[in-house]
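Listed below are the residues making up each chain.
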Amino acid sequence: MALLTFAGGCAATTIDRARSSVTISVGVFSAGVESLDKVDAAKQKDLIGQYRAGKLSLEDAKAQYAAFSEKFEVAVTACMALWDAIKVTVSVINAADAKLGGDLPAALAHLTKALAETVQALHDVGVKIPGVD
Amino acid sequence: MGAEAILVAVVPALLKAVAAAIDEYNQSKSDHAAILARMDAALDAAKGAIANLQSAHAQRVAEMAALGK
């Protein structure tokens, strides 16, 4: 495969991991963004429904949505950080491909950290990732 | 089309484009620059989808704030 021909002193195992991590990260990003919107809509609908059915006070409904909203914002921020890490990793892979150097292990470490934080943040709002969970 | 509808309609297509570009990149030994340019464009568009996600959430926050009034 083309990525296995990368120069720049990168070990094949690191290149393999970078390639796999980018692919996995794009999948998590995709599933995360899609699911976040669905989870947000469902949460709001459920709380409004409970309030209108008299099962939840107005204050409790608003408080529960505010608590959810805080976690939602964290998850969105994590998805944006993952997007940045994907872009950086792709750029570093491209630089390595063009024999321009680049710190692929550092980019991979950053991507791995961003991926873990995104998965955790998505879990915290109730999003499950196909292939991860 | 509302923000939610745009998000649902656009994001899967965008990310499929990114995934396809990565797959093509992994299998191709030539014209990487063009493939990466397409990948960059798809990723840029995906960031726009996040803005739509935030917009939809802001609308729901406003609706919750108005609840009971």
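Everything numeric in this text was worked out from a predicted model, so none of it was measured. Numbers given for residues are sequential positions, taken from 1 along each chain in its written order. For naming, the first written chain is A and the first written ligand is 1, with later ones following in the order written. Local features in this predicted model are restricted to residues whose pLDDT is 70 or higher, and side-chain atom pairs enter the listing and the counts only when it is 80 or higher, whereas totals over whole chains, interfaces and linings include all residues. The side-chain figures draw on all heavy atoms in the structure; neither hydrogens nor water molecules are used.

Enquirer: How would you summarise helix α3 (residues 104–124) of chain A if you had to cite specific residues and measurements?
Expert: Three or four residues apart is the spacing at which side chains of an α-helix point the same way, because the helix has 3.6 residues per turn. All names here are of chain A. Taking 1.5 Å per residue, 21 residues should reach 30 Å; α3 reaches 30 Å between its end C-alpha atoms and fits that length. Listed in full, the buried residues belonging to α3 are Leu104, Ala107, Leu108, Leu111, Ala114, Leu115, Thr118, Val119, Ala121 and Leu122. Down the axis of α3, the sector holding all buried residues measures 165°, keeping them to one side. N-capping of α3 is provided by Asp103, with a side-chain oxygen placed 3.1 Å from the backbone N of Ala106. Numbered from the N terminus, helices here are DSSP runs of H or I no shorter than four residues, and strands are runs of E no shorter than two. By this rule the span expected of a helix is its residue count minus one, scaled by 1.5 Å. Buried residues are those whose accessible area, probed at 1.4 Å on protein chains only, stays under 20% of the maximum for their type, while exposed residues exceed 50% and partly exposed ones sit between those limits. Of all possible arcs, the one meant is that of the directions from the helix axis to the C-beta atoms. Identification of polar contacts relies on pairs of N or O atoms within 3.5 Å, with a donor-acceptor requirement for protein atoms, meaning one able to donate a hydrogen and the other able to accept it, and with residues adjacent in sequence counted only if both atoms are side-chain atoms.

Enquirer: How would you summarise the packing of aromatic side chains if you had to cite specific residues and measurements?
Expert: Residue and element names in this part refer to chain A. Centres within 6.5 Å are what make two rings of Phe, Tyr or Trp a pair, Trp counting through its six-membered ring; a difference in plane orientation under 30 degrees is then read as stacked, over 60 as edge-to-face, and the rest as tilted. Here the structure, examined in full by the defined rule, presents two aromatic pairs over all chains. Seen in terms of ring centroids, Phe68 and Phe72 are 6.0 Å apart; in terms of plane orientation they differ by 40°. Their pairing is tilted. Remark: Phe72 and Phe68 occur in helix α2 (residues 58–97); sequence separation between them is four residues, near one turn of the helix. The class for Phe68 is buried, based on a relative accessible area of 8%. By the ring-pair criterion, three or more aromatic residues cluster together here, those being Tyr65, Phe68 and Phe72.

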